[in-house]
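The primary structure of each chain is shown beneath.
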Amino acid sequence: MITKKSPAQIEKMRAAGAVVARCLKEIAENIEPGKTTTLDIDKMAEELIEKYKATSSFKNYRGYPNTVCVAVNEEVVHGIPNDRALMPGDIVGIDLGAIVDGWHGDSAITVAVGGKASAEAMRLLRVTREALYTGIEAARPGNRLSDIGHAIQSYVEKNGYSVVRDLVGHGIGRSMHEDPHVPNYGRPGKGVRLEEGMTLAIEPMVNIGSYEVETLGDSWTVVTRDGSLSAHFEHTVAIRKDGPDILTIVPAEEALNING
Ligand code: MF3
Ligand code: CO
């Protein structure tokens, strides 16, 4: 069952979304190439979520042991933090969820460690981010659910990459995972009609090579089967009368650091 949210409930989700966005921003700004480990990122996330008086959506979710998922290079998603140091040119996906007042926000970014990676890796990051925004544009009343995935898949394949099939986005609200599943692929015009008040986490995972993935022996970490690089971007989005409303962003005045 898809639960629709009232405008007041959407504002509560925006509060959770803002916490998630601040955390991701501060983490990304504090990665030191050659030094920061993926467990350091987890520690930063834990401290930041506490600083913003929120709680983690991920910790202990179905036995997940940490606060964030960190996926390096050919890792797609759900990487468990460890003592691996991030090296210049690695690409690192950071996926973080937070709860404020009972409402969830969920977002992920992939960044180049040290600000730059190979030309191909940088292009993968750009195409994946743009694919997310293309999907978000389709999240509006009147469209159908599969229009989101169709927009994402078309954009990604036009750019020569592939979209992961085995993992999908999801509804989100009082629970991190609600109906419906939000695939990042598919034919247009299928599935439920999108309506005002639906809240979705849209999260394309894009591989340079084949779309096939496998899960490692830790039963969490998902990697590309062919070892090619993979990127992941995610936003929590509310469908409003006039179109998509992205909830996992830092308010503009805060991003600009007005009044310090
Ligand atoms: N953002 C992810 C998702 O939407 C990660 C959750 S996995 C967890 O599914 F186990 F860490 F919670
Ligand atoms: Co998600």
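What you see is a predicted model; the values in this text were computed from it and never measured.

1. As for the site of ligand 1
Lining the immediate surroundings of ligand 1 are 13 residues, of which Asp95, Asp106, His170, His177 and Glu203 lie closest. Take Glu203: an N or O atom from its side chain is 2.9 Å from an oxygen atom of ligand 1. At a separation of 3.3 Å, a nitrogen atom of ligand 1 approaches a polar side-chain atom of Glu234. Bound to the protein, ligand 1 loses 96% of the 330 Å² it would expose on its own. When atom positions are compared with the pocket grids, ligand 1 is found to occupy the largest pocket. In the shell around ligand 1, the residues fall into six nonpolar, three polar and four charged.

2. Side note on the coordination of the cobalt ion (ligand 2)
Those donors, Asp106 (OD), His170 (NE2), Glu203 (OE) and Glu234 (OE), are the protein atoms that reach the cobalt ion (ligand 2), and they lie 2.0 to 2.3 Å from it. Look at where the donors of the cobalt ion (ligand 2) fall in the sequence and you get D-x63-H-x32-E-x30-E. Placement of the pair is Asp106 in strand 5 (residues 103–112) and His170 in strand 7 (residues 169–171), with a sequence separation of 64 residues. Residue Asp106 shares its accessibility class with His170, and that shared class is buried.

3. Observations regarding the environment of Arg174
Counting through the fold element by element, Arg174 comes out in the loop between strand 7 and strand 8 (178–182). Arg174 gets classed as exposed once you look at its relative accessible area, which sits at 53%.

4. Side note on the pairing of strand 4 (residues 91–100)
Within strand 4, nine of the 10 residues are buried, which leaves the element mostly enclosed by the surrounding structure. In this structure, strand 1 (residues 55–56) lies alongside strand 4, joined through two bridges in antiparallel fashion. Residue Ser56 lies in a different strand from strand 4, and its bridge partner there is Ala98. Inspection of the sheet shows strand 2 (residues 68–72) paired to strand 4 by five bridges, in the antiparallel sense. Paired with Val68 across the bridge in strand 4 is Leu96. The sheet contact formed by strand 4 and strand 5 spans 10 bridges and is antiparallel. Bridging from a neighbouring strand, Val92 pairs with Val111 of strand 5. Between strand 4 and strand 5, which pair antiparallel and follow one another directly, the connecting turn spans two residues, one of which, Asp101, has a positive phi of 55°.

Definitions and cut-offs
Each chain has its residues counted from 1, following the order in which its sequence is written. Chain letters and ligand numbers both follow the written order, the letters beginning at A and the numbers at 1. With pLDDT at 70 or above as the cut-off, local features in this predicted model cover only qualifying residues; side-chain atom pairs require 80 or more to be listed or tallied, and sums for whole chains, interfaces and linings still use all residues. Computation of side-chain values: all heavy atoms of the structure, hydrogens and water removed. We call a residue near a molecule or strand whenever a single non-hydrogen atom of that residue lies within 4 Å of it. Pairs of N or O atoms within 3.5 Å make up the polar contacts considered here, provided that, within protein, one atom can donate a hydrogen while the other can accept it, and that residues adjacent in sequence are counted only when both atoms are side-chain atoms. In short, Shrake-Rupley with a 1.4 Å probe defines the accessible areas, and a residue's cover is counted only from the protein chains shown. Computed over the protein atoms alone on a 1 Å grid, cavities are sets of points where a 1.4 Å probe fits but cannot get out and pockets are open sets with protein on both sides within 12 Å along at least five of seven lines; a residue lines them when it has an atom within 4 Å of a point. To decide whether a molecule occupies a pocket or cavity, check its atoms: if more than half lie within 2 Å of the grid points, it is inside. Amino acids outside the nonpolar list (Ala, Val, Leu, Ile, Met, Phe, Trp, Tyr, Cys, Pro) and the charged list (Asp, Glu, Lys, Arg) are all regarded as polar, and Gly is one of them. Here the term donor refers to an N, O or S atom within 2.8 Å of the metal (or 3.2 Å for Na, K and Ca), and because water is left out of the atoms, sites may appear incomplete. Strands here are runs of E lasting at least two residues and helices are runs of H or I lasting at least four, both read from the DSSP assignment and numbered beginning at the N terminus. Between buried and exposed lies partly exposed: a residue is buried under 20% and exposed over 50% of the maximum accessible area for its type, with that area taken using a 1.4 Å probe on protein chains only. Strands pair, by our definition, only if DSSP identifies at least two bridges between them.

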